[in-house]
Amino acid sequence: MANPKRRHSKARRDRRRSHDRLKLPAVSVCPNCGETKLPHRACGFCGYYRGRDVVEMEDVL
């Protein structure tokens, strides 16, 4: 197996690693209550999805 003849610079190393970061999850706003939620999922605060109440949420007070 071949070995590198010269050391790679820090800039070259960092350019290679620039794509290794974690991506932030995409979020959307619930049209019913205005809270942030994951797209294509029911809202965790009010239980609505695409204008319908799909999850019954109990009032916890």
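Because the structure is predicted, anything quoted here is derived from the model rather than measured.

About the cut-offs
- Residues numbered from 1 in each chain as written.
- Predicted model: local features only at pLDDT ≥ 70, side-chain atom pairs only at ≥ 80, totals over all residues.
- Heavy atoms only, no water.
- Helix = DSSP H or I, 4+ residues; strand = E, 2+ residues; numbered from the N terminus.
- Rg over C-alpha atoms; globule rule 2.2 N^0.38 Å.
- Buried < 20%, exposed > 50% of the residue type's maximum accessible area, 1.4 Å probe, protein only.
- Contact = heavy atoms within 4.5 Å.
- Patch = residues over 30% accessible without salt bridge, like charges linked within 9 Å, V, L, I, M, F, W, Y side chains within 5 Å.
- Areas by Shrake-Rupley, 256 points an atom, 1.4 Å probe, with all protein chains shown as cover.
- Salt bridge = Lys/Arg side-chain N within 4 Å of Asp/Glu carboxyl O.
- Lys, Arg positive; Asp, Glu negative; His and termini not counted.
- Charge placed at Lys NZ, Arg CZ, Asp CG, Glu CD.

Across its full length, the chain carries one helix and four strands. Scanning the chain from its N terminus toward the C terminus, one meets helices and strands in the order α-β-β-β-β. Its C-alpha atoms give the chain a radius of gyration of 23 Å, clearly above 10 Å, the size a compact globule of 61 residues would have. For the chain, the C-alpha atoms occupy an extent of roughly 65 × 25 × 25 Å along the three principal directions. Across the 61 residues that make up the chain, the buried fraction comes to 8%. Once local pairs closer than 6 in sequence are excluded, the contacts in the chain between residues at least 24 apart make up 0%.

Where like charges cluster on the molecular surface, the positive patch consists of Arg-12, Arg-15, Arg-16 and Arg-17. Examined against the element boundaries, Arg-17 turns out to sit in the loop between α1 (10-16) and β1 (28-29). For Arg-17, a relative accessible area of 45% translates into the label partly exposed.

Okay, a nonpolar patch on the surface next. Taken together, the side chains of Val-54, Val-55 and Met-57 define a hydrophobic patch exposed on the protein surface, amounting to about 220 Å² of accessible area. Within the element layout of this structure, Val-54 appears in the segment after β4 (52-53). Classification of Val-54 by relative accessible area gives partly exposed; the value is 43%.

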